[in-house]
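Here is what each chain is made of, one letter per residue.
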Amino acid sequence: MSADFSNADERRDAFDPLVQPELFEGVRTRRIFAFLIDAIAVAILFLPAAVLVFFLGIFTLGLGWLLFAVLSPLLPIAYTAFTLGGRNAATPGMRAMGLEMRLWYGARPYPLLAAVHVILFWFSISLLTPLILLISLFSDRKRLLHDIVLGTLVMNSEALRR
């Protein structure tokens, strides 16, 4: 058995901040506001889901209430997987702020990668403190730790389309 590395030469860094600085202008600030918009959206989605689980618990004589344990982690992961991993390659907050995610070689993220992206974000924030976000100050592409690990980039949508 041998591995096929024929596509390895075709996958080069598609986005260079020295050649295309407009892709990364203002990304940090807009990314913070996009996070806040998405956090509000998940909180709004949590309310009807919690009501549904509550009534499900009544009809199942309490068994449905076990879903409350998985509701709080599962809802944000599903939200991110289906929005960031979708055809727009952005969550609603990112779209509102004019941001889009790409892999380092230019491809759009897929749902599994988007789910891993949000899980790594929360693990890095909770384990390494929010000071880990300072990494973006030293990154030429304004990437966070989980972006670097997964090989993703967050860029301006308008500059990307040009």
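By convention here, each chain's residues receive numbers from 1 onward along its written sequence. This being a predicted model, a pLDDT of at least 70 is required before a residue's local features are given, and a value of 80 or more before pairs of side-chain atoms are given or counted; all residues contribute to the totals for chains, interfaces and linings. Side-chain metrics rest on all non-hydrogen atoms present in the structure, leaving aside hydrogens and water.

### With respect to the overall build of the chain
- Assigned secondary structure in the chain consists of six helices and two strands.
- Under the DSSP-based scheme used, a helix requires at least four consecutive residues in state H or I and a strand at least two consecutive residues in state E, with every element numbered from the N terminus. Each helix and strand of the chain, placed in order from N terminus to C terminus, yields the pattern α-α-α-β-α-α-β-α.
- Each principal axis of the C-alpha atoms in the chain carries an extent, and together these give about 60 × 45 × 30 Å.
- Here the term buried applies to any residue with accessible area under 20% of the maximum for its type, exposed to any over 50%, and partly exposed to those in between, with areas from a 1.4 Å probe on protein chains only. Looking at the chain as a whole, 36% of its 162 residues are labelled buried.
- In what follows, residue pairs with any heavy atoms lying within 4.5 Å of each other are defined as contacts. For the chain, contacts bridging at least 24 residues in sequence account for 65% of all contacts bridging at least 6.

### Section: the nonpolar core
- Only buried Ala, Val, Leu, Ile, Met, Phe, Trp, Tyr and Cys residues count toward a nonpolar core, and they belong to the same one when joined by side-chain atoms within 4.5 Å. In this structure, V27, A34, L84, A90, M94, L99, M101, A114 and V154 together form the largest nonpolar core, which totals nine residues.
- Where this core is concerned, the elements lending two or more residues are α1 (27–59) and β1 (99–103).
- Ignoring any residue separated from it by four or fewer positions in sequence, one finds L84 in contact with A89, A90, T91, M94, M101, P109, A114 and H117.
- Within the second largest apolar cluster, seven residues are counted, among which are F15, L23, L153 and L160.

### Remarks on the layout of surface pockets
- Size it by volume and the largest pocket reaches roughly 720 Å³.
- Along the wall of the largest pocket there are 30 residues; nearest its centre are R31, A34, F35, F121 and H146.
- Looking at the lining of the largest pocket, the elements that each hand over two or more residues are α1, α2 (68–84), β1 and α4 (111–128).
- Of all the elements, α1 adds the most residues to the lining of the largest pocket, at nine residues.
- Of the residues contributing to the lining of the largest pocket, the split by class is 21 nonpolar, five polar and four charged. Buriedness of a pocket was judged along seven lines, with at least five required to meet protein on both sides within 12 Å; pockets are open sets of points on a 1 Å grid over the protein atoms alone, cavities are sets where a 1.4 Å probe fits but cannot get out, and lining residues have an atom within 4 Å of a point. Grid points are joined across faces, edges and corners, and a volume is the space filled by probe spheres set on the points. Note on residue classes: Ala, Val, Leu, Ile, Met, Phe, Trp, Tyr, Cys and Pro are nonpolar, Asp, Glu, Lys and Arg are charged, and everything else, Gly too, is polar.

### Quick notes on the confidence of the model for the chain
- In the predicted model, the chain carries a mean pLDDT of 88, and the fraction of residues at 70 or more is 93%.
- Per-residue confidence from the prediction method is given by pLDDT, with values spanning 0 to 100. Here helix α6 (residues 157–161) stands out as the least confident element of the chain, with mean pLDDT 84; helix α3 (residues 92–96) is the most confident, with 97.
- Segment residues 1–5: pLDDT under 50, and zero contacts once partners within four positions in sequence are set aside and those in other chains are kept.

### Structural notes on α2
- Taking 1.5 Å as the rise per residue, α2 with 17 residues should run 24 Å; its terminal C-alpha atoms sit 24 Å apart, in good agreement.
- Of all bends in α2, the biggest is about 35°, found at L74, and the proline P76 comes one to four residues later.
- Buried within α2 we find L71, L75, Y79, T80, A81, T83 and L84.
- Elements that come into contact with the buried residues of α2 comprise α1, α3, β1 and α4. To estimate the expected span of a helix, subtract one from its residue number and multiply by 1.5 Å. Bending is quantified residue by residue as the angle between axes fitted to the seven-residue window ending at that residue and the seven-residue window starting at it.

### Observations concerning unusual backbone geometry
- Of note in this structure, A89 is not a glycine but carries a positive phi near 55°.
- Along the chain, A89 turns up in the loop between α2 and α3.
- The backbone of K142 shows a phi angle near 60°, a positive value even though the residue is not glycine.
- Here K142 is to be found in the loop between α4 and α5 (145–150).

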